[in-house]
Amino acid sequence: MSESVARRRVVNPVDVIDVFVYVVVLNLAIEYVPVVITETFTMSLLTAVLLKVVLEVVVWAKDHVKGRFKAATTTPGKVGAGLLLWGLMIGSKFVVLELVALLFADQVKLGGFWSVTGLLLLLLVARAGVRRLLGAPDPAT
C-alpha cells in the first residue's frame, strides 16, 4: 500500500474491530445484566462508538498522567499526579453515564457507577484479548 493511500484512510481498521468487539460485549451485557438497556441494535452500535471514543480519550489521558507521575521528583508532585489519576479513573465513569444520558436519553441505560465500571473493564479486557488473538499491536505497549 502506498503512503498516499495510508494517509487517506479515515478510520484505522483496529478501531473498527474495537467497535465490533464493543458491540458484542455491550449486547451481551444487555442480555445478561438487567440494568443495561438499549432500545434497538442501532442504539447499541451508536453506544459502542461513543464508548470507543470515550475510552480512547481516557486511555490517552491516563497515559499522560502516568507520565507526569513517573516524571515527578517530589512527594507533592507524586501525590498530585496520583490523585489526578484516581480522579480520572473515577470521573470517567460519570462522564460515560452523563454522555449516554445526554445523547441517547431514555433509549440507552447503562445502569449506575458499578455496572458502567464493570462494562468498561470488560470492554478493555475484550479489546486486549481480540488484539492479542489477531496479532494487532496494542498502542498502549
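Let me sum up the structure you'll find in this document. (Residues numbered from 1 in each chain as written. Predicted model: local features only at pLDDT ≥ 70, side-chain atom pairs only at ≥ 80, totals over all residues. Heavy atoms only, no water.)

Focus on the overall build of the protein chain
When its secondary structure is counted, the protein chain shows five helices and two strands. Reading the protein chain from its N end, one meets helices and strands in the order α-α-β-α-α-β-α. With the C-alpha coordinates aligned to their principal axes, the bounding extent of the protein chain is approximately 50 × 45 × 25 Å. Buried residues in the protein chain amount to 30% of all 141 residues. Nonlocal contacts in the protein chain, meaning residues at least 24 apart in sequence, comprise 63% of its contacts between residues at least 6 apart. Carbon and sulfur atoms provide 70% of the accessible area of the protein chain, an area that totals close to 9100 Å². Taking the average place of the 14 positive charges on the side chains of the protein chain and the average place of its 10 negative ones, the gap between the two points comes to 10 Å. (Helix = DSSP H or I, 4+ residues; strand = E, 2+ residues; numbered from the N terminus. Buried < 20%, exposed > 50% of the residue type's maximum accessible area, 1.4 Å probe, protein only. Contact = heavy atoms within 4.5 Å. Areas by Shrake-Rupley, 256 points an atom, 1.4 Å probe, with all protein chains shown as cover. Lys, Arg positive; Asp, Glu negative; His and termini not counted. Charge placed at Lys NZ, Arg CZ, Asp CG, Glu CD.)

With respect to the packing of aromatic side chains
The tally for this structure, following the rule as stated, stands at two aromatic pairs. Seen from their ring centres, F113 and W114 are 5.0 Å apart, and the 85° between their planes marks the pair as edge-to-face. Taking the relative accessible area as the measure of exposure, F113 reaches 19% and is therefore buried. A relative accessible area of 70% places W114 in the exposed class. By way of ring pairs, the aromatic residues F94, F113 and W114 are connected into one cluster. Note that K78 overlies the ring of F69, its terminal NZ or CZ placed 4.8 Å from the centroid. (Phe/Tyr/Trp six-rings, centres within 6.5 Å; stacked < 30°, edge-to-face > 60°. Lys NZ or Arg CZ within 6 Å of the ring centre and 35° of its normal.)

Things to note about a nonpolar patch on the surface
On the surface, a cluster of nonpolar side chains totalling about 460 Å² of accessible area is made up of V24, L28, Y32, V33 and V35. Mapped onto the secondary structure, V24 falls in helix 2 (residues 13-32). Taking relative accessible area as the criterion, V24 reaches 48% and is therefore assigned partly exposed. (Patch = residues over 30% accessible without salt bridge, like charges linked within 9 Å, V, L, I, M, F, W, Y side chains within 5 Å. Salt bridge = Lys/Arg side-chain N within 4 Å of Asp/Glu carboxyl O.)

Examining the packing of helix 2 against helix 3 (residues 41-71)
Orientation of helix 2 relative to helix 3, taken along the N-to-C sense of each, is 120°, at an axis distance of 8 Å. As far as their axial angle goes, helix 3 and helix 2 are oblique. The handedness of the crossing between helix 2 and helix 3 comes out as right-handed. Residues D15, D18, V19, Y22, V23, L26, N27 and I30 of helix 2 form the contact with helix 3, whose own contacting residues are F41, S44, L45, T47, A48, V49, L51, K52, L55 and E56. Split into classes, the residues belonging to the contact of helix 2 with helix 3 amount to 11 nonpolar, three polar and four charged. (Axes fitted to C-alpha atoms, helices over the stretch in contact; angles between N-to-C directions. Parallel < 35°, antiparallel > 145°, perpendicular 65-115°, else oblique. Left-handed = near helix turned anticlockwise from the far one by under 90°. Nonpolar A, V, L, I, M, F, W, Y, C, P; charged D, E, K, R; others polar.)

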